[in-house]
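Here is what each chain is made of, one letter per residue.
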Amino acid sequence: MLSQRGFIEARGLLFPQNSPNDDTNLVGDVLARAEAFLKPASWVQFAAGLDARANTHGQVETSWGLDLGDRGALRPRLSLRRLSATATRGPVTFDVGKQFIRWGKADVIAPTDRFAPRDFLNVIDSEFLPVTGARAVAQWGANTIDVVWVPLFTPSRTPLLDQRWTAVPQAAAATTLTPVDTPLPRGSQAGVRWGHTGTGYEYSVSFFDGLNHLPNFEARSEPGSLSLGVAKTYPRVQSLGADGAMPTRWFTIKGEAAYVTSSTPDTDEYVLYVVQLERQSGEWAVVGGYAGEIVTNRRGRLMFAPDRGLTRSLVGRASYTIDTNRSVAVETAVRQNGRGVFAKAEYSHGRGQHWRAIVTAAVIAGRSDDFLGQYRRNSHGTLALRYSF
């Protein structure tokens, strides 16, 4: 049996304010995505997907060559989004190829989600990137074990140095930042996750050994030069994590935590944790909680870590389905010290089976020394028009 799906989406982003290193206020983006699924037998399925992109702000490569890895600083013009095979035999499911691997139970921040790099060219509107590897999941009774091996490292895509999502400190405003071309590290990533489902609760524990998909930065300067080279390095890390969920009469309680350690110099060791409450009632779905961090060994100097940047915050999300064609959603994060605030509201309206318009408004405020506050000039509105097929 063969099935397919896809869409073409045109999106415009309006930034009312200039940032110190970017005075572009209107950005246009087009994404075409097609995916196909072939199931020749009940025990096996093949999946393939392609993306094609265009952008008005230099965020997409100019080459039309098919990108297989999606590991560059820019989004590929044409990329292989997915190419995988899934086989099921009894209680064992095996996936191999380019795929999406997600761990954890928390919604806003997932500390144990180590195989899920993201595209952070727009920091607060990121999407997941696929990884190339193998995954086996076995289930017996109330227990599952999930084993992952990823031989090819895929980093998260970080903001471009000359654009507004790279927040330049005031002291370096007169300095030109230039990327230093450094090869991506070699080495595989591996992890195992064991889960148990009981009566009225479920939990899992996990272990990850590999490379952090979020980089550390090294600043490299030359005497007398007004430019500063910025190189990315990806530390080796190990993560020990746990997550759980327990439904109650009024809401579901979810918790997730991970201890991340590293032998790489200039890399912090820390604990990330999330506690959240979730409730779905009729057409409402509401999630609210707290994301925290405990640094056990502070060694890092320059890094890009949105997962840690959103900690020590009250986080929440609420959505309401008006009818089959319309919905609204609100997402927010507020730092506990009040130095950073982010809020996003979205309205989605479908027409017929194929067309949908999405209007989004994002507001960011705070102090320049806060992860959220440093993007205070990046509040923006978005209008997207999507045709699905």
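Reading the values: rules and limits
- Residues numbered from 1 in each chain as written.
- Predicted model: local features only at pLDDT ≥ 70, side-chain atom pairs only at ≥ 80, totals over all residues.
- Heavy atoms only, no water.
- Pairing = 2+ DSSP bridges.
- Helix = DSSP H or I, 4+ residues; strand = E, 2+ residues; numbered from the N terminus.
- Contact = heavy atoms within 4.5 Å.
- Polar contact = N/O pair within 3.5 Å; in protein donor to acceptor, adjacent residues only side chain to side chain.
- Core = buried A, V, L, I, M, F, W, Y, C linked by side-chain atoms within 4.5 Å.
- Buried < 20%, exposed > 50% of the residue type's maximum accessible area, 1.4 Å probe, protein only.
- Phe/Tyr/Trp six-rings, centres within 6.5 Å; stacked < 30°, edge-to-face > 60°.
- 1 Å grid on protein atoms, 1.4 Å probe; cavity = no way out; pocket = protein on both sides within 12 Å on 5 of 7 lines; lining within 4 Å.
- Points joined across faces, edges and corners; volume = space filled by probe spheres on them.
- Nonpolar A, V, L, I, M, F, W, Y, C, P; charged D, E, K, R; others polar.
- Salt bridge = Lys/Arg side-chain N within 4 Å of Asp/Glu carboxyl O.
- Axes fitted to C-alpha atoms, helices over the stretch in contact; angles between N-to-C directions.

Draft legend 1. The pairing of strand β6 (residues 92-99), seen in detail. Where strand β5 (residues 78-89) and β6 come together, 7 bridges link them in antiparallel fashion. Opposite L83, over in β6, you have K98 as the bridge partner. From the end of β5 to the start of β6, which pair antiparallel, there are 2 residues, and G90 there has a positive phi angle of about 60°. Pairing geometry for β6 and strand β9 (residues 131-140), over 8 bridges, is antiparallel. Residue pairing in the sheet places G97 in a bridge with G133 of β9.

Draft legend 2. Representation of the environment of S262 in the model. Looking at where S262 falls in the secondary structure, it is placed in the loop between β17 (252-261) and β18 (269-281). Separated by 44 residues in the primary sequence, S262 and E218 have C-alpha atoms spaced 17 Å apart. Not counting the four nearest positions on each side in its chain, S262 is found in contact with P235, R236, V237, Q238, T267, E269 and R299. In terms of polar contacts, S262 uses its side chain to reach the backbone amide nitrogen of T264, at 3.0 Å.

Draft legend 3. Region of the structure containing the nonpolar core. Ranked by internal contacts, the top residues of the largest apolar core, which has 17 residues, are V123, I124, W165, F304, F342, I364 and Y375. Ignoring sequence-local partners within four residues, the contact set of I124 consists of W165, F342, K344, A362, I364 and H380. Among the nonpolar cores identified, the runner-up in size contains 11 residues, and I101, W103, V237 and V260 belong to it.

Draft legend 4. Main features of the packing of aromatic side chains. On inspection of all chains with the given rule, the structure shows 12 aromatic pairs. Summarising the aromatic geometry, the rings of W103 and F115 are spaced 5.2 Å apart at their centres and angled 85° between planes, so their arrangement reads as edge-to-face. Of the two residues, W103 is situated in the loop between β6 and β7 (118-119) and F115 in the loop between β6 and β7; the sequence distance between them amounts to 12 residues. Grouping residues by exposure puts W103 and F115 together as buried.

Draft legend 5. Local environment of empty space enclosed by the protein. Inspection of the entire model under this criterion finds 3 cavities of 30 Å³ or more. What the largest cavity holds in volume is close to 130 Å³. Around the largest cavity, the lining comprises 15 residues; the ones closest to its centre are N212, N216, Y270, M303 and R308. Residue composition of the lining of the largest cavity, by class: 8 nonpolar, 3 polar and 4 charged.

Draft legend 6. Structural view of the pattern of salt bridges. Per the counting criterion, the structure on display carries 30 salt bridges. Here R386 makes a salt bridge to E9, at a shortest N to O gap of 2.9 Å. Of this pair, R386 sits in strand β24 (residues 380-388) while E9 is found in strand β1 (residues 2-14), placing the two residues 377 residues apart along the sequence. On the basis of relative accessibility, which here comes to 25%, the residue R386 falls in the partly exposed class. For E9, a relative accessible area of 6% translates into the label buried. Taking the shortest distance from any N to any O, the salt bridge between D70 and R157 comes out at 2.6 Å. Highlighted residues: D70 in the loop between β4 (66-67) and β5 and R157 in the loop between β10 (143-152) and β11 (176-179), separated in sequence by 87 residues.

Draft legend 7. Region of the structure containing the sheet that holds β11. What the 3 strands build is an open sheet, ordered β11-β15-β14; its pairing is mixed. Strands at the two margins of the open sheet, each flanked by one partner only, are β11 and β14 (216-221). When strand polarity is set aside, the average angle formed by the axes of neighbouring strands in this sheet is 35°.

Draft legend 8. Spotlight on the pairing of β1. Across 13 bridges, the pairing between β1 and strand β2 (residues 26-41) is antiparallel. Counterpart to E9 in the pairing with β2 is L31.

Draft legend 9. Layout of the environment of E293. Note on placement: E293 falls in strand β19 (residues 284-297). For the pair E293 and Y273, spaced 20 residues apart in sequence, the C-alpha to C-alpha distance is 6.4 Å. Among residues more than four places away in sequence, those in contact with E293 are Y270, V271, L272, Y273, R308, T311 and R312. A polar atom in the side chain of E293 sits 2.4 Å from the side chain of R308.

Draft legend 10. Geometry of unusual backbone geometry. A positive phi angle is found at D266, which is not glycine, with a value near 60°. One can find D266 in the loop between β17 and β18. Owing to a relative accessible area of 37%, D266 belongs among the partly exposed residues under this scheme.

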